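Structural description and commentary
Residue strings, one per chain:
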Amino acid sequence: MTAPTAGGRVVAPLTWRVARLVERRVETATAQTLVLDVPGWPGHLPGQHVDLRLTAADGYQAARSYSLAGPAQGERIEVTVQRVTDGEVSPYLIDTYAEGDPVEVRGPVGGWFVWQTDGTEPVLLVAGGSGVVPLMAMIRARRAAGSRTPFRLIYSVRTADDVIYADELRRRARDDQGLDVAYVYTRRAPEGWRGEPHRIGLADVNSHGWPPALEPLCYVCGPTGFVETAADLLVGLGHPTRRVRTERFGPTG
Amino acid sequence: MSPGFQGRPRSSAPDLPPGQYLTEDFPVLSAGPTPRVALDTWEFVLTSETGAEHRWSWDELMRLPQDTPTVDLHCVTRWSKLGTTWQGVSLDTLFDGVDTDARYALAHSYGGYTTNLPLDDLRGGRAWVVHTYDGGPLPAEHGGPARLLVPHLYLWKSAKWVRGIRLLVDDRPGFWETAGYHDYGDPWREQRYQGD
Ligand SMILES: Cc1cc2nc3c(=O)[nH]c(=O)nc-3n(C[C@H](O)[C@H](O)[C@H](O)COP(=O)(O)OP(=O)(O)OC[C@H]3O[C@@H](n4cnc5c(N)ncnc54)[C@H](O)[C@@H]3O)c2cc1C
């Protein structure tokens, strides 16, 4: 089979595949993980995303992008969907979409906001809300590959109840050597947490990130406003812009 | 196809390219932090395939004849925004007096971003270097002080923080194109990814 080439790259066309829901996990009051079976799934890198497409009875279609939440397990992939109140697609995926139902999937997409599991530079992950999804994929891929690359995650959430993957993050921070996890609470801090609720600032990035001299790779993901702020903080601290990779979810911050 | 999915087709949705939905706000999508470029060091450089350079400082750009296009924007992430108003310099004005046989262009930005386009798509009144959006200076997160505006292609072709255009005899993919996005990016043909 020949694939079209572009600038020397060999690329296969991205086709829509029919996937089915095999399992659903409740992560928080507003976020759920969907495990999909995608016959023919070619595999992917942590940080890549898929497009999901829904079709109504009258033929109307809507498609949205969702990050892949972890490494593929054969033909199984996972996405984690955060409900956007009055959204068109996310409430359907959370409330109506049922086990065995079809959904069209296209991917994997994206080749910049990815982490290569053989990478050795320290990694800083900065997540806002559901922006943790592709970063969790990197944490899971690191574990699966037996990588010792030093990882730090700074995760900004409204309250402790909004932490997606809370149990697994607690476990991994304890068991995965070289993984540190720090939280920033914007609305209400849990009992025993030092400090007042606040939006991510210089002090958070300074105390929980890596110094630029260690030449880390930084990945920032979340709502637009959050990404703007966090990326600006990193550049302000002296991280070269080329080493700060961003993924912006959702139209506004 | 998707049991129970009714969708929420925007009732007033006009003639949008396939797969797009209407948005009122102005989303931001870029691969890295927002570069901040000072106007006194800003420049725009057109480099022909022979290496001949044509340079404009900020003041020089401002002294060129200005256009005020009103255009629709179509982002590959599926939002479209209609009737946006800009001010800037037509690429026809910038190419005036540039001697070239090249067929391709690679736009490059402060911050290192690149994107490729056929040169014909930059001429004929279809592309601008814009510095004003909605009556005010173009905000940095939208590509200010100046960005490319090529509204008939997906928005990633409208390179933000544009710094120059290099003319090429052979097509060469830019940043997103190397990451799997389409080389041309026509929204009406849904050319999102390589192979579309
Ligand atoms: C590369 C990429 C990866 C993504 N990965 C994920 C992911 O892993 N998990 C996830 O839940 N989402 C992710 N998103 C966002 C997702 O694609 C949808 O935008 C989101 O699910 C909302 O779709 P909707 O149809 O429910 O809302 P829409 O009907 O599109 O929007 C309804 C209203 O909500 C606003 N809105 C839309 N999206 C958001 C948002 N994300 N936050 C706040 N307000 C919003 C809109 O402006 C509109 O006013 C990703 C987006 C991109 C571009």
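Structure: see above.
Note that the structure is a prediction, hence the values are computed from the model and not measured.

1. A closer look at the overall build of chain A
A count of helical and extended segments in chain A gives five helices and 13 strands. The C-alpha extent of chain A, read off along each of the three principal axes, is 50 × 45 × 35 Å. Residue burial in chain A is summarised as follows: out of 253 residues, 51% are buried. Sequence separation of at least 24 residues holds for 71% of the intrachain contacts in chain A that already meet a minimum separation of 6.

2. Some thoughts on helix α5 (residues 224–236) of chain A
Residues and elements named next belong to chain A. Over its 13 residues, α5 runs 18 Å from end to end, which matches the ideal 18 Å to within 8%, given 1.5 Å per residue. Looking only at α5, the buried set comprises T224, F226, V227, E228, A230, A231, L233 and L234. Packing partners of the buried residues in α5 comprise β9 (123–128), β10 (151–157), α4 (202–208), β12 (217–223) and β13 (244–249).

3. Some words on the packing of aromatic side chains
One pass over the full model with this rule turns up 20 aromatic pairs over all chains. Here the aromatic rings of A:Y155 and A:Y183 are separated by 5.9 Å at their centres, their planes lie at 35 degrees, and the arrangement is tilted. Remark: A:Y183 occurs in strand β11 (residues 179–185) and A:Y155 occurs in strand β10; sequence separation between them is 28 residues. Here the aromatic rings of B:W176 and B:Y181 are separated by 5.6 Å at their centres, their planes lie at 75 degrees, and the arrangement is edge-to-face. An aromatic cluster of three or more residues is present, and its members are A:W112, B:Y113, B:Y154, B:W156, B:F175, B:W176, B:Y181 and B:Y193. Positioned over the ring face of A:Y165 is A:R140, at 4.6 Å from the centre of the ring.

4. Examining helix α3 (residues 166–175) of chain A
All names here are of chain A. Taken residue by residue, α3 has E168, L169 and R172 as its buried positions. Each buried residue of α3 sits inside an arc of 100 degrees when the element is viewed along its axis, so together they form one side. When the buried face of α3 is taken as reference, the exposed residues oriented beyond 90 degrees from it are D167, R170 and R174. Check the buried side of α3 and you find it contacts α2 (132–144), β10 and β11.

5. Some thoughts on the nonpolar core
When a protein is soluble and globular, its nonpolar side chains tend to lie buried together. With 44 residues, the main nonpolar core has B:F44, B:L91, B:L94, B:L122, B:V129, B:L148 and B:I165 as its most contacted residues. Listing elements by their share of this core, those giving two or more residues are β2 (43–47), α1 (58–63), α2 (91–95), β6 (104–109), β11 (162–168) and α3 (175–178) of chain B. Excluding residues within four positions of it along the chain, B:I165 makes contact with B:F44, B:V45, B:L46, B:T47, B:L91, B:A105, B:L106, B:A107, B:H108, B:L122 and B:L148. By size, the runner-up hydrophobic cluster in this structure holds 26 residues, among which are A:F151, A:V157, A:Y165 and A:L169.

6. Describing the side chain of A:T55
Structurally, the position occupied by A:T55 is in strand β5 (residues 49–55). We classify A:T55 as buried; its relative accessible area is 10%. A polar side-chain atom of A:T55 sits 3.1 Å from a polar atom in the side chain of A:Q61. Apart from residues no more than four positions distant in its own chain, A:T55 is found in contact with A:Y60, A:Q61, A:E104, B:M1, B:S2 and B:F5.

7. Focus: the site of the ligand
Close to the ligand lie 23 residues; A:S65, A:Y66, A:Q82, A:V89 and A:S90 are nearest. Those chains with residues close to the ligand are chains A and B. One of the backbone nitrogen or oxygen atoms of A:S65 is found 2.6 Å away from an oxygen atom of the ligand. The contact in question runs from a nitrogen atom of the ligand to an N or O atom on the backbone of A:T80, over 2.9 Å. Secondary-structure elements contributing two or more residues to the shell around the ligand are β6 (61–67), β7 (76–82), α1 (90–95) and β13 of chain A. The class makeup of the residues in the shell around the ligand is eight nonpolar, eight polar and seven charged.

Cut-offs used in this document
Residues numbered from 1 in each chain as written. Chains lettered and ligands numbered in written order. Predicted model: local features only at pLDDT ≥ 70, side-chain atom pairs only at ≥ 80, totals over all residues. Heavy atoms only, no water. Helix = DSSP H or I, 4+ residues; strand = E, 2+ residues; numbered from the N terminus. Buried < 20%, exposed > 50% of the residue type's maximum accessible area, 1.4 Å probe, protein only. Contact = heavy atoms within 4.5 Å. Expected span 1.5 Å × (residues − 1). Phe/Tyr/Trp six-rings, centres within 6.5 Å; stacked < 30°, edge-to-face > 60°. Lys NZ or Arg CZ within 6 Å of the ring centre and 35° of its normal. Arc of directions from axis to C-beta. Core = buried A, V, L, I, M, F, W, Y, C linked by side-chain atoms within 4.5 Å. Polar contact = N/O pair within 3.5 Å; in protein donor to acceptor, adjacent residues only side chain to side chain. Near = heavy atom within 4 Å. Nonpolar A, V, L, I, M, F, W, Y, C, P; charged D, E, K, R; others polar.

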